[in-house]
Structure formats: structure tokens, C-alpha cells
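# Chain and residue survey
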Amino acid sequence: MLNEIKLNMNEMPYPPPKEVIEAAQKGLSNLNRYTNPKELELLREFLADYSGISKRHIISSAGSDFLLREIIHVFSRGRKVIMVNPSFFPTVQCTKEFVTKLVKIQLSPLEFNLDVDIITNETSEPSLVIVDNPNNPTGKILINREMVEAILENKNVLLVVDEAYYEFSGATFADLVEKYPNLSVVRTLDKAFGLAGARIGYLIAGENFLDEFSTFFTFLPQSSLYAAIEAMRDPSYIKKNIELTIKERERVSKELEKIGFQVCPSTTNFLLIKTNIPDVAKELKDRKILIFDLSSQWLPGYFRVSIGTPKENNIFLSNIIEILKAHSWKGHKP
Amino acid sequence: MHREDDKKLNLRRENSIKKIGLIVNPIAGMGGSVGLKGTDGEIYKKALRLGAKAVTPRRTKEFLSYIKKRKDISLVIAPDKMGETYVRKFDIAFKLIGQAPKETSAEDTKRITEEMLNDGIELLVFVGGDGTARDVYDAVDSKIPVVAVPSGVKIFSSVFAVSARAAAEMVDAFIEGTDLSEEEVLDIDENAFRNNRLASKLYGYLMVPNVKKFLQAGKEASSIDKSSVDNKNEIARYIVKHMDKEALYLLGPGTTLKAITNDMRLPKTLLGVDAIYDNRLVGIDLNEKGILKLLKKYKSKKIMVTPIGGNGFIFGRGSKQFTPKVIQVVGRENIIIVGTYGKISKLECLRVDTGNFEIDKLLSGYIRVVVGEKEEMVMEVRC
């Protein structure tokens, strides 16, 4: 196992409770068998209950990016796809492969706001709009309820909201799915539930999506399914981890601002930072600390840092300060 | 092994060794520490009087520390502080070329670069700022690729690597045979810059090794990058396919626009404004007067431009020929903006500074940019 501090994948740094891990281990003892459809149904029931929506709208899958990929594959045919830039990179990559017409809306610093009029102006033809809310990597809430309803009033539009960080932001449109057949919400147990290794995603699908997904069925890995069921049986454990992550996020943000970094206010478990120090991600990697360098995909000088444990965050901060000092002779300011 | 085999092996080794030139502008970046924003011309002497310290030695040594172990390069070095002084600190074999006076100037950079070209270098590494890039461009043009190590006060040209380390990676990529891309060299008005105004214009293009950033492995490692040359050709095909034969097209400067005329098998001035109508070239290297004359002749008209990399200017910098009057006659709705995904996605916004505030306001707001055959970006235009 590598002794690295991983602040590059937006994972929850705390493991799930031992009951969840034991459930996953129990799943391993049945590796010669496919998952039991009844247990898949049980997970759907739990997810429906957790999301406050009827079970028929829930579609589970091995990872939310798999669901997004399926949506793009199925629904981009004959539709223009509209996204923001930057966005969740697997989604971006998938659109590059499948989409025949793609419009990206560049989010500009310092505010990274999304003007909903751009979307409504772009949707005169059948369109698939995908918005990650909060946005990855800015960590910002891009759309509110009013904006979502304005987009959904146009029946030509299918709207997919990626709510991977819902538990941190508290912002959701899942309750609108029953009202608007052209809305779907994608969520995951990877982040707040601390189950990134289990890869469980789910779709809260509006009626227009359900038709196409009627034949969609995926077996989940035994251990992932058992872990997810156990986690959903009592999801209260995520509350403490979320609170600690948010508290740490605010602390790290303040510390970085104190030493001169530009930090984007976040509603997630990560921070978008800007620095003029070139190669800061590489220098941290040399010190076995991984952060995500956005400059090859997006604006130069921007990096995304996941919030780790207090100890991990302290190591990250002390190393950043050291790198900053080393660079001060080179004339670089943060 | 037979002697013949030995000879062949040695010959193969010699062939695989790349001859790389290194030239350093020793005064680049000195104005920064004393707040002078540049060292062009006489400002260098003022910087010295204010106690400015040389920046390039550290950047050069940093770069050399990354390439010192390479056995497959042969360095050709400028004398004294233009290269030799720093290379001598390392155990690197080199060949000296040219002569450097005590106080170096732009002319020395140009002259020694030309001597290196005559000596057969395959790649030139230079350490400096935008001014140095201009001097190198004057000598190199598109003869060989370059790697630019940033050391100047003001680095706006996209030709520069982000750091000395990144520059070393570009050298690695060149040796491994990566393809090349054309990157911009900007001419920055230092006097304006000292007054906190960015007045830049496109000076030319230099070829650099086309390096994808080394991404961290994992789920988010993306392969969305494509070569900028392929991307330009893709944009060109798309634009040509959708061109209105009844419209006059005014094409601004830049290699993306040149890719469009290449696709049409028409010539294009790289830094000028040319006009096309019905697949024919109807104007070349036009000034405002020439453009206005053409605009009177044709009913339907369009302007096609690409932003300057890094700062995103579409009007008022690289293409001064598109005056406020020209833009007004053509109209905002007839402006087509094109650019490679790699360039556009790295821009915070598009910018205009035509010198006419009303026109700048007219151009402000959101606008589409064609970045590929099936892809557009909606960008904010700011003034």
C-alpha cells in the first residue's frame, strides 16, 4: 500500500462503520453467486426512502459516472448536449465520444456563476442539459430551484442534475422528479457515505427517463451491495463525518487564504484554489501528497484539494507553506 | 562484435543524439524585484541602479538540473552569462558558439541564435521573457522548434513553459519525437504595462513540442486533449463546410484562421486580415481602409477571429485592423470566433479593447466560440 496522502479524488477520509465493513466481508463469502434480485430491490427501497421518493424512480448502478455515461449514450441521440465547463471529467470525456452537438458554458472567475438565460436561450431545439450541482471542481451551487423550474418548463429539454455532493451542500431537486418527467437526479454513495471503493450510484429518474431505462438492469458486486444495504439501514453515521469535513474545509480555507491563496467558497468536501506557484501539484506529489491539477483541462493555476482528516490537512498545509517559502526567492506570490 | 558493427552502433548513437542550443538573456526578469515591469532598452540600467538582482541564473540552473543526466543530447551554448557560466556548474558536455559582450542586448540574442542555427541545432532552449521570445522569433521563425524557460518580468506569450521543470519535460518530449504546435509570441508595450495597462499585439508564432500535461492517474485522468494541429484542421473543415457562399469573410490573424484557408487551398497572411468571397481570396493583408471598401461592395459580411492565447483578446490587440468602425458595419451577430479547445478552455473570458467604449459595450456579454466540429463554448466577453 502506498503511503500517500490522497487529496485528489474527493473521497471521504473516514471509513464507514464496522457493521458496513463486515457486511462487505459477508458479501465476499458469496463470490461464486450473482447478487440476489431481492437484495437489489431492498437497496432500491432504502434509497427511495432516503431520497423521499417512490421506489419506481430509483435505478441503482455501479457508480454514478456509469449512469451519466448511459444517459449521454441514450439521450444525446438527436439532442444537443449542454454542459458547464469545467465539470465532472468522466462526463466531459463521455460527451467527447458520443455527442454529435455539444455546447459548453465556460464558468468564469472570480464568481463562477452560471447565467441560466444562456441555457434557456440554447434550448430551442431538443436538448440534454447536464449540470453538476454543486459543481466539480468549483464547489459552487450553480442552480437554484427557480432556475431548474425555468429550464424544465421547456418540454424539449431533458435536465440531469449530478448531486454527488448533495449531503455536503444540502441542495437537492429530487423532490421535483415526480412533478417534472424531464428531470433526473444522479447521486452516489461514494462521497458522504465513505463507500468510494464500493462504487454505488443511483438515479432518481423522471418519467421520460424511466421509459428508456425500463430494460436497464445491473447486478452489483456482492460486497458492494451488502455494504450499501448496511449503510442505508442506518445512514446516521454520515452526519458526524460530514460535520467534521465541513469544519475542516472552513479551517483549511481560512489557513490558505491567510497565506495568500485564492480560495473559492465551497459547499462540498473539496476546495478550488488558485496559486501562481507553478507545478505546485508536482511538488506536493514529490512529498507524497496528491492534489488535482486542473491546468491541463481548464484555467492555469487552479487546483482542487479534497478535505482529508485534520492530520492530513495539517500535513498538506505545512507542506504548502514550505513550498511557498521555497518559491519566494523565485519571485512567485501565492 | 565486429568492427563494422561497432561503427554502425556508434553511428546510430550519433544519429540519436539531438543537438540542442541554449541561450540565456541574463537581464530578463531583473526589473521585477525593483518594480519596473520589464528590462527593455534603457530600463535595464535603471533596474541595475535600483539594485536589481539577476533572475535567469536560478531559472537556468533549475532547468539544467532536470536535463543534466540526459546522455542523448549535445548542447551548443552561448558564451558567458548567456549560457556558459551556468552550464559549467554541471557535468555536461557542451560546445561554445558566438561571442557575448559584457552588456548584452537583443542583437546578441538574435546573432548568436543565428550562429546556432547555422551550426545545425535541432531545438533551441531559451531563458527569458516576452522580449527574448521576440528576439528569438526574429532569428528562428519556423526553422526549428524552441522550448522557452520563463524568466522575464512579464510572461504573456503562450510559447513559454509554465516552469523550468515543465520546460525540461518539453525537451524530453521533443527527444521522444512528439509532434509540434505553434504558440504565440506577443509584443508587450512595457510603457503601458508600467501604467497597469496590458497593451499587447501578436508578434508571431514559434513552434514548440506539443506536450500533454502529465496527469495524475485515476478516474479523473482525462484523454480529452487532442493535438492542436488536429483540432485546428477539424475546426477548419467545419467552418469551410458551413461557409455562406454569398457572404464576404474577413479573416483575422492566427494559425487557426490559416488552417481554414489551408483547407480551402488559399494563401493567408499569418498576422494580417485577408478577405474571402465564394472560395476566392478577394483581399490580402488589408488595413481599415481596404476593409471598409470591401464592406461596401458586399451585402452579407462576417468577421472571423481567434482570441490571443492567455489573455483572450479578440479585438483591440492582435487585429487592430478590425477598428470600431469595421466592427460596427459588420455587426456583433456576424462575428465568428474560433479557437482550439486547448486554448479556449484555458481562458477566463474573452476580452475587447477597441478604443471605443460604445463598441466594447456592444461586444460584451456571452458569445459562442467554435472549438471543434461538434463543439462550441459559450464565453463571456468582458471589456
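Only a predicted model underlies this, so the values are computations on that prediction, with no experimental measurement involved. (Residues numbered from 1 in each chain as written. Chains lettered and ligands numbered in written order. Predicted model: local features only at pLDDT ≥ 70, side-chain atom pairs only at ≥ 80, totals over all residues.)

### Structural notes on the overall build of chain B
For chain B, the helix and strand inventory stands at 14 helices and 16 strands. Residue burial in chain B is summarised as follows: out of 383 residues, 48% are buried. Partitioning the contacts of chain B with sequence separation of at least 6, the portion at a separation of at least 24 is 64%. (Helix = DSSP H or I, 4+ residues; strand = E, 2+ residues; numbered from the N terminus. Buried ≥ 20, exposed ≤ 12 C-beta atoms within 10 Å, placed from the backbone. Contact = placed C-beta atoms within 7 Å.)

### Looking at the overall build of chain A
A tally of helices and strands in chain A yields 12 helices and 13 strands. Its C-alpha atoms give chain A a radius of gyration of 20 Å, within 12% of the compact-globule value 20 Å for 334 residues. Across its three principal axes, chain A shows a C-alpha extent of roughly 60 × 55 × 30 Å. Relative to its 334 residues, chain A shows a buried fraction of 49%. Summarising the internal contacts of chain A: among those between residues at least 6 apart in sequence, 72% fall at separations of at least 24. (Rg over C-alpha atoms; globule rule 2.2 N^0.38 Å.)

### Focus on the sheet that holds strand β9 (residues 262-264) of chain A
All names here are of chain A. Read across the open sheet, the 4 strands follow the order β9-β10-β13-β12; overall the sheet is antiparallel. In this open sheet, the two strands that pair with only one neighbour each are β9 and β12 (292-293). The sheet contact formed by strand β10 (residues 270-274) and strand β13 (residues 302-306) spans 5 bridges and is antiparallel. Looking at the pairing, K274 lines up with Y302 of β13. Docked against the sheet, helix α10 (residues 237-258) engages β9 and β10, running at close to 10° with respect to β10. (Pairing = 2+ DSSP bridges. Axes fitted to C-alpha atoms, helices over the stretch in contact; angles between N-to-C directions.)

### Describing α10(A)
Residues and elements named next belong to chain A. For α10, with 22 residues, the first-to-last C-alpha span of 33 Å sits near the 32 Å given by 1.5 Å per residue. When we look at burial in α10, the residues that qualify are I238, T245, R249, V252, S253 and L256. Buried residues in α10, looked at end-on, bunch into an arc of 105°, giving them a common side. Away from its buried face, by an angle of more than 90 degrees, α10 presents the exposed residues K239, K240, E243, K247, K254 and K258. Against the buried residues of α10 lie α7 (166-169), β9, β10 and α12 (310-328). Immediately downstream of α10, the backbone of G260 shows phi near 100°, a positive value. (Expected span 1.5 Å × (residues − 1). Arc of directions from axis to C-beta.)

### A look at the domain arrangement of chain B
Many structure descriptions define interface size as the accessible area lost when the parts assemble. Residues and elements named next belong to chain B. Considered domain by domain, chain B is made up of domain 1 (18-209) and domain 2 (228-382). Listed by partner, the interface residues are 13 residues for domain 1 and 13 residues for domain 2. Put simply, the parts of the chain that give the side of domain 1 that touches domain 2 at least two residues each are β6 (180-188) and β7 (200-209). Of the residues forming the side of domain 1 that touches domain 2, the biggest block, 5 residues, is contributed by β7. The class makeup of the residues in the side of domain 1 that touches domain 2 is 5 nonpolar, 4 polar and 4 charged. (Domains from an automatic or database assignment. Nonpolar A, V, L, I, M, F, W, Y, C, P; charged D, E, K, R; others polar.)

### So, the confidence of the model for chain B
Per-residue pLDDT for chain B has a mean of 84; in total, 81% of the residues score no lower than 70. Per the prediction output, this complex has pTM 0.79; the corresponding ipTM is 0.90. (pLDDT = per-residue confidence, 0-100.)

### Topic: helix α9 (residues 228-241) of chain B
Between its first and last C-alpha atoms α9(B) spans 20 Å; for 14 residues at 1.5 Å apiece the expected length is 20 Å, and the two agree. Residues of α9(B) that are buried: B:S228, B:N231, B:K232, B:E234, B:I235, B:A236 and B:I239.

### Regarding the sheet that holds strand β2 (residues 73-77) of chain B
All names here are of chain B. Read across the open sheet, the 5 strands follow the order β3-β2-β1-β4-β5; overall the sheet is parallel. Where the open sheet ends on each side, the last strands, each with one partner, are β3 (94-96) and β5 (146-150). For this sheet the average axis-to-axis angle between neighbouring strands, irrespective of direction, equals 25°. In this sheet, β3 lies alongside β2 in parallel orientation, the contact comprising 3 bridges.

### A closer look at the pairing of β13(A)
Residues and elements named next belong to chain A. Across the 5 residues of β13, 5 count as buried, placing the element largely inside the fold. Residues Y302, R304 and S306 of β13 are buried on one face, and the alternating residues F303 and V305, pointing to the opposite face, are buried as well. Taken together, the 2 bridges between β12 and β13 define a ladder with antiparallel strand orientation. Each bridged residue has a counterpart across the sheet, and for F292 the counterpart in β13 is R304.

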